[in-house]
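Examination of the molecular architecture
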Amino acid sequence: MSLITLLTDFGAGDGYVGVMKGVILRIAPDARIVDISHEVGPQDIAAGAFILQRAYRYFPPDTIHVAVVDPGVGSARRGIALDTAHGRFVGPDNGLFTYPLAGAGTPAAYELVEPAYRLPAVSRTFHGRDIFAPAAAHLARGVLPAAFGPPIPPESLVRLPYPTPQIAGGVAHGHILYIDHFGNAISDIPEAMVAALGPAERVEVECAGRRLTGVAPTYAGGAVGEPLALISSDGLMEIAIRNGNAARQVGLRVGDAVVCRGGG
Amino acid sequence: MSLITLLTDFGAGDGYVGVMKGVILRIAPDARIVDISHEVGPQDIAAGAFILQRAYRYFPPDTIHVAVVDPGVGSARRGIALDTAHGRFVGPDNGLFTYPLAGAGTPAAYELVEPAYRLPAVSRTFHGRDIFAPAAAHLARGVLPAAFGPPIPPESLVRLPYPTPQIAGGVAHGHILYIDHFGNAISDIPEAMVAALGPAERVEVECAGRRLTGVAPTYAGGAVGEPLALISSDGLMEIAIRNGNAARQVGLRVGDAVVCRGGG
Amino acid sequence: MSLITLLTDFGAGDGYVGVMKGVILRIAPDARIVDISHEVGPQDIAAGAFILQRAYRYFPPDTIHVAVVDPGVGSARRGIALDTAHGRFVGPDNGLFTYPLAGAGTPAAYELVEPAYRLPAVSRTFHGRDIFAPAAAHLARGVLPAAFGPPIPPESLVRLPYPTPQIAGGVAHGHILYIDHFGNAISDIPEAMVAALGPAERVEVECAGRRLTGVAPTYAGGAVGEPLALISSDGLMEIAIRNGNAARQVGLRVGDAVVCRGGG
């Protein structure tokens, strides 16, 4: 009984996701399907990639993850199946799989071109239904990734151009990667980099013209209404407001620079 | 292991859909349940019918589709079970099943009146829980539709009063049927009717006072920010804006007339 | 095959719920997971408790209900597993389980402290993933609640401080408990209390300065646009507007006092 996850920017309202599930279950009636998110901002590949990397690590390693945030549908961008040590991935080759591609091991990648594993008619606008859902369902039934089409050299796969967070001279430089439903602004600065700056309560965090002192162990440490820096549940430095919306109240946006200094 | 889909206007927040799933799983513990949409506009039967017709065709033909958009709950409107060649349908007799009723073959229809297949107490306001979910679950367990109540003559079933798109003298007339999450405005003019007007790049599309030239093969063909006509993934002519919201930017609404002329 | 339900305030967009499902399915691959709601207002324990009580009664009695609306995550509040005659419950001890605790029978309660039934690393901010999802999955696999940690005296469990509705001298006093997606305002006054006031069509309902006469049997009884009192599908007196939003149009809020008088 194979497990398939779905992540899209289709929204929950129009029935597009239900259509993909129908396609999957007609091909692989025993597949189990789990939704990761269908509320990714329209065509926001970076947000889709972030949500996917947060989730896939918690699933069994043979799970098939389908991700469709696909502004280039109908253009020359490739559809791909990736086989990695931490999961299988199906979707457009546009950067959505940046994080699993950066994981340990060399992925095997194949282009999705074999007509036998697509719907009989392929539209120009809904490859989630016509190409990606059928590919995932056939994988779930035991079809090998190599059957979908020619192998792709992993180095040619599209990756997001993220500047990696840097630490030098007691200062860490990073960026806001994602703003969640609660308004928490999550940076790419990992817990270990914060720890390297010295005692957490003396680290100074600067972002969007605001300076915070200390990286707290939990939301409960913050005064209600006051922004605080803490380590997110993903192990990344984030800026939050206890019982409030930090992004809105402080004016934080994806891409904002974040600087952390040891206070020692 | 029977498959049951759910489509409602209940929203995802209040737990009403979860209640329906509890009712189903208590009666048919092995049923598989798939959500089509719970974000249909409140009491918008036409939108529910459109989303359902988009989805049901992709499911196995023995799937049980429960649809509840039900402004007349508690009034004299009938609850029905439909048995068709392309799926089984359960819900109010108010037009929600217009599209499967228009499909090939003669459907068998039964009124849901047998108390043994309802919850013991039937409210006046939540038939999704008290009548439709139990009916679907009993169907999933193998109860025959005829056991629910008296047969209904198919011609007496409620259908939406859609004017069918027309083509005459090189001009096709139709309407906007649905506006999706991306703001794409989907008409009832099928791809074949557009093709009959001559070369796609010379077809003129008129809607809401705006004139567009050409029906593009894909979103990628459009300039960012400019509305374009194309064939939707459902095989219908739609008006979209690449990486934008056509309905909002052009001012399109459900029911707007659409006229397509050959440019030859 | 155990059934697990999920109720949170995480929203559907960020992938947090998908993460919890991954954790559950890695521990208990055969578990079935049903969403009750993930749109509970952020940190609104009372709304979460209301939605949970509405839903759990319709599920099989051995269902495991996970509820995470958890403003105190990372503080000293306890994580608990409850074993009751009408279901098993996992989540924070903060009032979310007020309603099942008020049900028949004496619940058994245990604190979730055993490290073997948590994820290896427990964050300070996402116990849904690190503690509650694993606990539910281990319950689903047959681990006994007592294995999670020390028993908790039921009387020490946190309950919401709801004033119970009262009836005296032909007058019933209650409060608005919940406002749903349609804008219906649901009170805590049960159908039987309304019935005790005399003929339904003569009961006078007062709330937020507005007076309504009669408790209608169904929405269909109301004039479009006019507020009416009726008995909700949960058997509670509610104020609604047919095809409208009563809370917004009348100005009703959770906590508003509701008074019902017999008109006899």
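Residues numbered from 1 in each chain as written. Chains lettered and ligands numbered in written order. Predicted model: local features only at pLDDT ≥ 70, side-chain atom pairs only at ≥ 80, totals over all residues. Heavy atoms only, no water.

1. Here's the deal with the packing of aromatic side chains
As enumerated under the stated definition, the model contains 21 aromatic pairs over all chains in all. A ring pair is formed by Y56 of chain A and F89 of chain A, whose centres lie 5.3 Å apart and whose planes are at 90 degrees; its orientation type is edge-to-face. Here Y56 of chain A, found in helix 2 (residues 45-56), pairs with F89 of chain A, found in strand 5 (residues 87-92); they are 33 residues apart in sequence, far enough to count as distant. Grouping residues by exposure puts Y56 of chain A and F89 of chain A together as buried. With a centroid separation of 5.7 Å and an interplanar angle of 55 degrees, the aromatic rings of F89 of chain C and F97 of chain C are classed as tilted. Side by side, F89 of chain C and F97 of chain C carry an identical accessibility label, which is buried. In textbook terms, an aromatic cluster arises when at least three aromatic residues are bridged by ring pairs, as seen for F10, Y16 and F126 of chain A. (Phe/Tyr/Trp six-rings, centres within 6.5 Å; stacked < 30°, edge-to-face > 60°. Helix = DSSP H or I, 4+ residues; strand = E, 2+ residues; numbered from the N terminus. Buried < 20%, exposed > 50% of the residue type's maximum accessible area, 1.4 Å probe, protein only.)

2. Quick look at the relation of the copies chain A and chain C
Once chain A has been moved 0.0 Å along the axis and rotated by 120 degrees, it coincides with chain C to within an RMSD of 0.0 Å. Put plainly, the chains are arranged around a three-fold axis. The fraction of interface residues of chain A whose copies in chain C are also interface residues is only 3%, indicating that the copies meet through different surfaces. (Least-squares fit on C-alpha atoms with pLDDT ≥ 70 in both. Contact = heavy atoms within 4.5 Å.)

3. Looking at the sheet that holds strand 5 (residues 87-92) of chain C
Here 7 strands make up an open sheet; going across it, the order is 2-1-3-5-4-6-7 (chain C) and the pairing mixed. This sheet does not close on itself; its edge strands, each paired only once, are strand 2 (32-37) and strand 7 (151-152) of chain C. Across 3 bridges, the pairing between strand 3 (residues 64-68) of chain C and strand 5 of chain C is parallel. In the strand pairing of strand 5 of chain C, V66 of chain C is matched with V90 of chain C. Contacts from helix 1 (residues 16-27) of chain B reach strand 1 (3-8) and strand 2 of chain C within the one sheet, and its direction differs from that of strand 2 of chain C by about 145 degrees. (Pairing = 2+ DSSP bridges. Axes fitted to C-alpha atoms, helices over the stretch in contact; angles between N-to-C directions.)

4. Focus: helix 4 (residues 127-140) of chain B
Residue and element names in this part refer to chain B. Between its terminal C-alpha atoms helix 4 stretches 18 Å, which fits the 20 Å expected from 14 residues at 1.5 Å a residue. In the structure, helix 4 departs most strongly from a straight axis at A133, where the bend amounts to approximately 30 degrees and where the proline P134 lies between one and four residues downstream. Counted residue by residue, helix 4 has 13 buried out of 14 residues, so it is predominantly covered. Directly after helix 4, the chain includes G142, whose backbone phi takes a positive value near 110 degrees. (Expected span 1.5 Å × (residues − 1). Bend = angle between axes of the 7 residues up to and from the residue.)

5. Quick look at the relation of the copies chain B and chain C
Of the transformation superimposing chain B on chain C, the axial component is 0.0 Å and the angular component is 120 degrees, with the fit at an RMSD of 0.0 Å. The residues that chain B uses at the interface reappear at the interface of chain C in only 3% of cases, marking distinct surfaces.

6. Quick look at the confidence of the model for chain A
For chain A, per-residue confidence averages 93 on the pLDDT scale, and 99% of positions sit at 70 or higher. Taken over the whole predicted complex, pTM reads 0.93, whereas the ipTM for its chain interfaces reads 0.91. (pLDDT = per-residue confidence, 0-100.)

7. Notes on the interface of chain B and chain C
The interface is formed by 32 residues belonging to chain B together with 31 residues belonging to chain C. Taken together, the two surfaces of chain B and chain C that pack against each other cover about 2,400 Å², and 56% of this comes from carbon and sulfur. The interface formed by chain B and chain C includes 0 salt bridges. Elements with a contribution of two residues or more to the side of chain B that touches chain C: helix 1 and strand 2 (32-37) of chain B. (Buried area = accessible area lost by both parts, 1.4 Å probe. Salt bridge = Lys/Arg side-chain N within 4 Å of Asp/Glu carboxyl O.)

8. Brief notes about the interface of chain A and chain C
Tallying the contact residues gives 31 residues for chain A and 32 residues for chain C. Buried area between chain A and chain C, both sides added, is near 2,400 Å², and the carbon and sulfur share of it is 56%. At the surface where chain A touches chain C, the tally comes to 0 salt bridges. Summed over the shared surface of chain A and chain C, the result is 14 residue pairs in polar contact (both at pLDDT 80 or more). When residues of the side of chain A that touches chain C are assigned to their parent elements, the largest contribution, 5 residues, is made by strand 2 (residues 32-37) of chain A. Across the side of chain A that touches chain C, the residue classes break down as 18 nonpolar, 6 polar and 7 charged. (Polar contact = N/O pair within 3.5 Å; in protein donor to acceptor, adjacent residues only side chain to side chain. Nonpolar A, V, L, I, M, F, W, Y, C, P; charged D, E, K, R; others polar.)

9. Some thoughts on the environment of R77 of chain B
All names here are of chain B. Of note, R77 is situated in the loop between strand 3 (64-68) and strand 4 (79-84). Along the backbone, R77 and P92 are 15 residues apart, and their C-alpha atoms lie at a distance of 7.0 Å. Excluding residues within four positions of it along the chain, R77 makes contact with D70, G72, P92, D93, H127 and F132.

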